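One letter stands for each residue in the lines below.
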Amino acid sequence: MEAHTSGASRPPGAVPAELFVRTAEIAVKWLDSLDHRPVAASATLDELRSRLGGPLPVGPVDPMMVVEDLARAAEPGLVAMPSGRYFGFVIGGGLPAAVAADWLTSVWDQCPGFYACGPAASVVEEVTGTWLAVLLGLPVEASFAFVTGCQTAHLTGLAAARHHVLDAVGWDVEELGLSGSPPIRVLVGARRHVSVDRALRFLGIGRASLRVVPVDGSGRIQVPRLRQELAGTGTPTIVCAQAGEVNSGAFDDLDDVADAVAGTGAWLHVDGAYGLWVAASPALRHLVRGVERADSWAFDAHKWLNVPYDSGLAFCAHPASHRAAMTATAEYLVQGGPGQPRDAMDWTPAFSRRARGFAVYAALRSLGQQGVADLVERSCAHARTFADGLASVPGCAVLNEVVVNQVLFRFADDRTTDAILRRVVDSGEAWLSGTTVDGRRAIRLSVTNWQTSDNDITRALDAFRTAAAEM
Ligand SMILES: *Cc1c(COP(=O)(O)O)cnc(C)c1O
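A quick note: this is a predicted structure, and the numbers were derived from the prediction, not measured.

**Q** What's the story with the packing of helix 5 (residues 119–136) against helix 12 (residues 357–390) in this structure? I'm lost.
**A** The geometry of a pair of packed helices is captured by two quantities: the angle between their axes and the separation between those axes. As a packed pair, helix 5 and helix 12 sit with axes 9 Å apart at the nearest point and diverge in direction by 30 degrees. Viewed along their axes, helix 5 and helix 12 adopt a mutual orientation that is roughly parallel. Between helix 5 and helix 12 the crossing geometry is left-handed. Counted together, Ala120, Ala121, Val124, Glu125, Val127, Thr128, Trp131, Leu132 and Leu135 of helix 5 and Gly357, Phe358, Val360, Tyr361, Leu364, Arg365, Gln369 and Val372 of helix 12 form the full contact between these two elements. Grouping the amino acids of the contact of helix 5 with helix 12 by side-chain chemistry returns 12 nonpolar, 3 polar and 2 charged.

**Q** Sorry, what's going on with the site of the ligand here?
**A** Near the ligand lie 13 residues; those nearest to it are Gln151, Asp271, Asp300, His302 and Lys303. Contact between the ligand and His302: an oxygen atom at 2.9 Å from a side-chain N or O atom of the residue. When isolated, the ligand has an accessible area of 380 Å², and the protein chains bury 84% of it. In terms of residue class, the shell around the ligand is built from 4 nonpolar, 6 polar and 3 charged.

**Q** Got a minute to help me understand the packing of helix 12 against helix 14 (residues 454–470) in this structure?
**A** Running from amino to carboxyl end, helix 12 crosses helix 14 at an angle of 30 degrees, the nearest separation of the two axes being 10 Å. Here helix 12 is positioned roughly parallel relative to helix 14, judged by the angle of their axes. The handedness of the crossing between helix 12 and helix 14 is right-handed. Of the residues in helix 14, those in contact with His382, Thr385, Phe386, Gly389 and Leu390 of helix 12 are Asp454, Ile457, Ala460, Leu461, Phe464 and Arg465. Of the residues contributing to the contact of helix 12 with helix 14, the split by class is 6 nonpolar, 3 polar and 2 charged.

**Q** In this structure, what is going on with a nonpolar patch on the surface? I would like to understand it.
**A** A cluster of nonpolar residues, Val61, Met65 and Val66, forms a patch on the protein surface that exposes about 240 Å² of accessible area. On the basis of relative accessible area, Val61 is assigned to the partly exposed category, the value being 37%.

**Q** Help me out: how do you make sense of the pairing of strand 6 (residues 296–300) in this one?
**A** Here strand 6 lies mainly inside the structure; 5 of its 5 residues are buried. Residues of strand 6 alternate between two faces, with Ser296, Ala298 and Asp300 on one and Trp297 and Phe299 on the opposite face, all of them buried. Bridge count for strand 5 (residues 267–271) against strand 6 is 3 bridges, and the pairing is parallel. What sits directly across from Asp271, in strand 6, is Ala298. Pairing of strand 6 with strand 7 (residues 312–316) involves 5 bridges; the strand directions are antiparallel. Along strand 7, the bridge assignment pairs Ala298 with Ala314.

**Q** Teacher, can you tell me more about the sheet that holds strand 9 (residues 406–410) here?
**A** Strand pairing in a sheet relies on backbone hydrogen bonds. The paired strands run either parallel or antiparallel. Reading across from one edge, 8-9-11-10 is the order of the 4 strands in this open sheet, with antiparallel pairing throughout. Each of the sheet's edge strands pairs with one partner strand only, and the pair in question is strand 8 (397–398) and strand 10 (433–437). With 2 bridges connecting them, strand 8 and strand 9 associate as antiparallel partners. Residue pairing for strand 9: Ala397 is matched across the bridge by Arg410. Each of strand 8, strand 9 and strand 11 (440–446) touches helix 12; the most contacted strand, strand 9, lies at about 15 degrees to it. This element, helix 13 (residues 414–427), spans strand 9, strand 10 and strand 11 of the sheet and lies at about 30 degrees to strand 11.

**Q** Is there a simple way to think about unusual backbone geometry in this case?
**A** Leave glycine aside and you will find that most residues have negative phi; peptide bonds, for their part, are mostly trans. Put simply, Tyr309 and Asp310 share a cis peptide bond, and its omega is -5 degrees. Within the secondary structure, Asp310 is located in the loop between strand 6 and strand 7. Phi at Phe89 is positive, roughly 40 degrees, even though this residue is not glycine. If you trace the backbone, Phe89 turns up in the loop between helix 3 (63–74) and helix 4 (96–108). Relative accessible area serves as the criterion here: at 42%, Phe89 is assigned to the partly exposed category. We note that Asp438 has phi near 50 degrees; this positive angle belongs to a residue other than glycine. Within the fold, Asp438 resides in the loop between strand 10 and strand 11.

Reading guide: rules and limits
In this numbering scheme, every chain counts its residues from 1 along its sequence in written order. pLDDT decides what is reported in this predicted model: residues at 70 or higher carry local features, side-chain atom pairs at 80 or more are listed and counted, and totals for whole chains, interfaces and linings draw on all residues regardless. Note that water and hydrogens are dropped before the side-chain values are worked out from all heavy atoms of the structure. To define axes, lines are fitted to C-alpha atoms, for helices over the stretch in contact only, and angles between the resulting N-to-C directions are given on a 0 to 180 degree scale. Secondary structure counts use DSSP, requiring at least four H or I residues in a row for a helix and at least two E residues in a row for a strand, with both numbered from the N terminus. In these notes the angle categories are as follows: under 35 degrees is roughly parallel, over 145 is roughly antiparallel, 65 to 115 is roughly perpendicular, and the rest is oblique. Crossing handedness follows the turn of the near helix against the far one: under a right angle anticlockwise gives a left-handed crossing, and clockwise gives a right-handed one. Residue contacts are counted whenever heavy atoms from the two residues lie within 4.5 Å of one another. Ten residues, namely Ala, Val, Leu, Ile, Met, Phe, Trp, Tyr, Cys and Pro, are considered nonpolar, four, namely Asp, Glu, Lys and Arg, are considered charged, and the remaining ones, Gly among them, are considered polar. Nearness of a residue to a molecule or strand requires only that one of the residue's heavy atoms be within 4 Å of it. For this analysis, a polar contact is any N or O atom pair within 3.5 Å, provided that within protein one partner can donate a hydrogen and the other can accept it, and provided that sequence-adjacent residues contribute only side-chain to side-chain pairs. Each accessible area is a Shrake-Rupley result for a 1.4 Å probe, and residues are judged covered by the shown protein chains and nothing else. Here, patches come from residues exposed beyond 30% relative accessible area and free of salt bridges, joined within 9 Å for like charges and within 5 Å for nonpolar side chains (Val, Leu, Ile, Met, Phe, Trp, Tyr). Salt bridge, as used here, is a side-chain nitrogen of Lys or Arg placed within 4 Å of a carboxyl oxygen of Asp or Glu. Residue burial is assigned from relative accessible area. The probe radius is 1.4 Å, only protein chains are included, and a residue is buried under 20% of its type maximum, exposed over 50%, and partly exposed in between. Two strands qualify as a pair provided that DSSP identifies no fewer than 2 bridges between them.

Function cannot be read off these values alone, since they describe shape.
Right under this line is the structure:
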């Protein structure tokens, strides 16, 4: 095709097709290796520093060589996170359609802060936001933001909350900041995720403003205690509830929490990093009953939806407060107003950013509603099979009620628990992480990957049986 510009066309070979095709080969080889390579990285820190380090070259290096060298040098330091036997933290894999769309995102290189910078990126976010609201049972008129992860989603939702609760007492926080403002109280459960505190800290709300509400044995906020806290003063208040505790998978009773908050003027924010996805499953959505009654929600696409890192989402039931907390204008920008196309910058804390909507769109479209439900239900079934299988591992005790995809277990004492975990990880058969529960060491398993199969669970259980037998 001829260029439509004034005659100057790019020289032949300007598009490095060979480089991109070779890169795709390297990528496919990596994905093909996941079933047989050790899950853990094999290189030590020193080895990686020597493989990847050295001075910055003075002159240019051929791009093909850069990519091939990088892939070769990084290889032994890569963890097989997209493998079906990676059970650490709460991670997730990459759905093929999402990974491919993520590649295109880099090639297209759109900056979706403004409609004018990338109309397609902008509309894809608009469409995907609506799909998500419907899929997860959130209000369809809720505003939303595509952000880096759940912590940034907390930052977004809680900034809207801060605006809203202070506005209600006549304080314009965007104009006046927090110095001299009426105090804000934040009621949080004792087993909240640390990212909530961190997001609050970035918003100028420090530890001294937190009121920690006790939780029950599974980590669920005790609603009668929350009611007591809410009964007190007229202080601007934010309540943070949780759908999916990071160790046990416990869900706060969101309907009860929403009842407690109703009529108090407090803002209810929900950390649903991975747990909110159960709303897509008819069999499991009872766990988040009442979730639609919250004021803001934070969750991840890079965990259970299996979109590649990084990808988080913030939703807000009060678009005016959300926008007031986030928007910015400058003379050189091209921005719409009411009735105009959606400018994502009005809703996100970022200015320039990656067009994250494409990969989320591709993940949702490739799975469909049924596929998201299957992914969630299948992960939970694998977690239950794993927990049941642990009964035949000598000395092992499961610590949580396996409500979703998280299993928490330990062996006779801390030393044995840590030693068995280390053996399993060193075997390369599976990767799990440890934690401390009630002052004692434990191992946590999270099934969050579309690729995890029955065979992966069998192999992980065998690895634990072997490690326990060797002790
Ligand atoms: C992972 C997680 C977070 C933090 O999410 P990021 O995407 O890492 O910022 C917050 N809350 C819970 C419950 C989580 O599991």
